[in-house]
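# Remarks on the overall topology
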Amino acid sequence: MPAFSYRGRNGAGEAISGVLEGASAAAVADLLFGSGITPTEIKPAPGGAAQKGAAAGGFNPFAPAVRHVDILLFSRQLYTLLKAGVPIMRALVGLQESSANPAMRAVLGQLRESLDSGRDLSMSLARHPKIFTPFYLAMVRVGEATGRLEEVFLRLFEHLEFERFMREQVKAALRYPTFVVVAMAVAMFVVNIWVIPAFASVFAGFGAELPLMTRLLIGVSNFMVAWWPALLVGIAGAGAGFRSWVRTRRGKYLWDRFKLRLPIAGKIVQKATLARFARSFALAARSGVPIIQALATVAQTVDNDFVAEKIERMRNNVERGESVLRAAIAAGAFTPVVLQMIAVGEESGALDEMMEEISGMYQGEVEYELKTLAQQIEPILIVLLGAMVLVLALGIFLPLWDLGAVATGK
C-alpha cells in the first residue's frame, strides 16, 4: 500500500507531521480526520509506491484544473441554493450539471459520492486538500456545528472575492512596469548583439585609442556575442533554481520576509497581508470559531510564511493565557493602528467588528497604493532608461564626434 507524508494540526492547533499508508490521499485524509487531525498537506512519501505510480501513471499537464473562480462560484451558488431550502445533494447535482469546468464537475461528483457514503460535507471537502484550504474547511465545520452553513458559504464567497480582487489589482498594477523592464532588457540584448559590433568594426578601422566608455561597451558586447547561449542557459537555470528554492520552507520564509522590505512594493505587500489577516480573523470570529483555533487557521491564509510565523507565536501566547493585544504586541508583525484597533475591540467585546474595520481600511489603502504604483515606479524607470541612453550615447557617439580628429591624426 502506498505511503503518504502529511502535515496537519490537532484539536489544540498544534502542528503535527508524519507518514501514513493508505489507498489514496483521500483515504489518508479520512484517517487523519477520524483521529482528530486536520490535514494541511498530503503528498506521496519520497520514494513511495504512490510517487512511482504517479510518475508512471499518466500525468497530463494539459488537463483542466480547478481554478479560484470555480471555488468562488461554488460558494456563492451553494449559498443561494441552501438559502432557498434546496437539499445539499440536489444542490450538488445541479452544480455538477451546470459547471463548465470538467475538473470541477469531477470534484462535485466525488463530493456527492462521499456524502452518499455517510461523510459530513467538511470531511468530503477535506478529501481535496489542494482545492479547499484549511481555512475553508474550518469555516464549513463551524457552519455544520452551528447550523448556519448557508451563512458561512456567503462569508466564504465574500472572502474569496476579496482575495481575487487583491490578486487582480496587483497584476494590473505590475503590467506596465513589467512591460517597460522587458522592453529595456530586449533593447539591451539587441544593441549588444548587433548594433555595437557594427560600430566596433568601424572604430577598429581607424586604429586610434577609443574612450574608456566605448571600450567597456565593446568588451561587454564581445562577451555577450561569444557567450550568449551560456548566458541564456544561466538565466534560465538561475530562474529555475530560484523557484525551487522558494518552494522550500526555509526559502519561502526568507523570500516572504524580503518582500516586506522592498522599497515600494514592501508596504503594499504588508498592507495586503494585514488586510487578509484581519478579514480572515473577523470571518472566523464572527462565525464562532474559538480565538486559538481561529489564529491557527488564519496563519495559513495570509500567504506569507514570515507573517504566519508571527501569528503562530501570537496564538501560542494567547494559549498561555495572555490577552490578544499583548500577544499581538509580542508578535511584532502589526502596525500601531492594528494594535490600537485590537485594544479597542478586545476591551469592548467587538473584536470581530474592529478586525473588519482594519480589513476595510487596509483594503482601501492597498487600492490607492496600487492605483499610484505606476506613478511611483515611473520616475525610477525613467532614470534607468536615461542612464542606459546616456551610456550608449557616450560609448558610441563620443568616438564619432572625434572622427574628424582621428582621421586627420590630430
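Right, let's walk through the structure included here.

What counts, and at which threshold
Residues numbered from 1 in each chain as written. Predicted model: local features only at pLDDT ≥ 70, side-chain atom pairs only at ≥ 80, totals over all residues. Heavy atoms only, no water. Helix = DSSP H or I, 4+ residues; strand = E, 2+ residues; numbered from the N terminus. Contact = heavy atoms within 4.5 Å. Phe/Tyr/Trp six-rings, centres within 6.5 Å; stacked < 30°, edge-to-face > 60°. Lys NZ or Arg CZ within 6 Å of the ring centre and 35° of its normal. Core = buried A, V, L, I, M, F, W, Y, C linked by side-chain atoms within 4.5 Å. Buried < 20%, exposed > 50% of the residue type's maximum accessible area, 1.4 Å probe, protein only. 1 Å grid on protein atoms, 1.4 Å probe; cavity = no way out; pocket = protein on both sides within 12 Å on 5 of 7 lines; lining within 4 Å. Points joined across faces, edges and corners; volume = space filled by probe spheres on them. Nonpolar A, V, L, I, M, F, W, Y, C, P; charged D, E, K, R; others polar.

### Description of the overall build of the chain
The secondary structure content of the chain amounts to 18 helices and 3 strands. Expressed as a percentage of contacts within the chain between residues at least 6 apart in sequence, the contacts between residues at least 24 apart total 60%.

### Details of the packing of aromatic side chains
Under the definition given, this model contains 11 aromatic pairs. Chaining the aromatic ring pairs together yields one cluster made of Phe74, Phe132, Tyr136 and Phe153. The ring of Phe157 has Arg76 lying over it, and the distance from NZ or CZ to the ring centre is 5.2 Å.

### Some points on the nonpolar core
Phe74, Tyr136, Phe153, Leu156, Phe334 and Met355 are the most contacted members of the largest nonpolar core, which has 80 residues in total. For this core, the element with the most residues is helix α8 (residues 149-204), which contributes 12 residues. Core analysis: the second largest hydrophobic core is formed by 10 residues, Phe203, Leu210, Ile218 and Leu392 among them.

### Focus: empty space enclosed by the protein
If you walk through the whole model with that rule in mind, you get 1 cavity of 30 Å³ or more. The computed volume of the largest cavity comes to approximately 30 Å³. Taken together, Ile196, Phe199, Phe203, Thr214, Leu217, Ile218, Gly395 and Ile396 form the lining of the largest cavity. Put simply, the parts of the chain that give the lining of the largest cavity at least two residues each are α8, α9 (212-247) and α17 (373-401). Of the residues in the lining of the largest cavity, the class split is 6 nonpolar, 2 polar and no charged.

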